[in-house]
Amino acid sequence: MEVVGPILIGVLYIVASSFFKEPNRRNFNAIMIAGAGAAYLNGGLGLWEFAFTTIVTYCAYQGLNSYRFIGIGWLLHTGWDLMHHLYGNPIVPFAPTSSLGCAICDPVIAIWCFAGAPSLSDLFRKKVGVEKATALSKGT
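Residues numbered from 1 in each chain as written. Predicted model: local features only at pLDDT ≥ 70, side-chain atom pairs only at ≥ 80, totals over all residues. Heavy atoms only, no water.

Caption draft 1: How the structure looks around the packing of aromatic side chains. Scanning the entire structure with this criterion turns up five aromatic pairs. Each ring, one from Y13 and one from F28, has its centre 6.3 Å from the other, and the planes form 20°; the classification is stacked. Linking Y13 in helix 1 (residues 4-17) with F28 in helix 2 (residues 24-37), this pair joins segments that are 15 residues apart in sequence. Among the residues examined, Y13 registers a relative accessible area of 14% and is labelled buried. The class for F28 is partly exposed, based on a relative accessible area of 26%. Measuring from centroid to centroid gives 6.3 Å for Y13 and W74, while their planes differ by 70°, and the two rings are edge-to-face. Linking Y13 in helix 1 with W74 in helix 4 (residues 67-86), this pair joins segments that are 61 residues apart in sequence. Given the relative accessible area of 6%, W74 is considered buried. (Phe/Tyr/Trp six-rings, centres within 6.5 Å; stacked < 30°, edge-to-face > 60°. Helix = DSSP H or I, 4+ residues; strand = E, 2+ residues; numbered from the N terminus. Buried < 20%, exposed > 50% of the residue type's maximum accessible area, 1.4 Å probe, protein only.)

Set out below in structure tokens:
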């Protein structure tokens, strides 16, 4: 469950984000990666925490116009999660493996962002529409 749970959380995040229309979906995701970038401030790695937050804030700002930067931000956060799992404080103080779980969840979101963060409901509607059109053209 330590692997499946974080993957499901990533998928749930994607499903929930899919309800936003563009450009609100992209803007929401830029805000979320900005918040994630600041999640570890005072997390045990000293001044590196501020440097990391600065880099992810830049990605979030660029992410207001590009899902690629949001995806990069999530991958950077994955690396920072692993650093905290190994050397720093966990993201949730009372859950020792929470940073590891975050490191599993974040790439799921990053992959979706690199794919352009498509709305899952739009993809479903297109698939159903194609199937209906194919059935109609075959006369079924």
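Having put the structure on the table, let's press on.
Caption draft 2: Geometry of the pattern of salt bridges. In total, this model carries one salt bridge according to the counting rule given. A salt bridge links E22 to R25, with the nearest nitrogen and oxygen atoms 3.0 Å apart. Residue class for E22 comes out partly exposed when judged on its relative accessible area of 38%. (Salt bridge = Lys/Arg side-chain N within 4 Å of Asp/Glu carboxyl O.)

Caption draft 3: Region of the structure containing the state of the cysteines. All chains considered together, the criterion is met by zero disulfides. Residue C59 stays outside any disulfide, its sulfur separated by 11 Å from that of C113, the closest cysteine. C59 gets classed as buried once you look at its relative accessible area, which sits at 4%. With no disulfide of its own, C102 lies closest to C105 among cysteine sulfurs, the gap being 6.1 Å. (Disulfide = S-S within 2.5 Å.)

Caption draft 4: How the structure looks around the nonpolar core. Counting residues in each nonpolar core, the largest one holds 21 residues, and the members touching the most others are I33, I70, W74, I109, W112 and C113. Secondary structure elements with two or more residues in this core: helix 1, helix 2, helix 3 (47-63), helix 4 and helix 5 (98-114). A per-element tally of this core places helix 5 first, with six residues. Those residues within four positions of I33 in sequence are excluded, and the remaining contacts are V56, A60, I70, G73, W74 and H77. (Core = buried A, V, L, I, M, F, W, Y, C linked by side-chain atoms within 4.5 Å. Contact = heavy atoms within 4.5 Å.)

Caption draft 5: Spotlight on the packing of helix 4 against helix 5. Closest axis-to-axis distance for the helix 4/helix 5 pair is 8 Å, and the angle between their directions is 165°. Relative to helix 5, helix 4 is oriented roughly antiparallel. Crossing of helix 4 over helix 5 shows left-handed handedness. For the contact of helix 4 with helix 5, a count of residues per class yields 14 nonpolar, six polar and three charged. (Axes fitted to C-alpha atoms, helices over the stretch in contact; angles between N-to-C directions. Parallel < 35°, antiparallel > 145°, perpendicular 65-115°, else oblique. Left-handed = near helix turned anticlockwise from the far one by under 90°. Nonpolar A, V, L, I, M, F, W, Y, C, P; charged D, E, K, R; others polar.)

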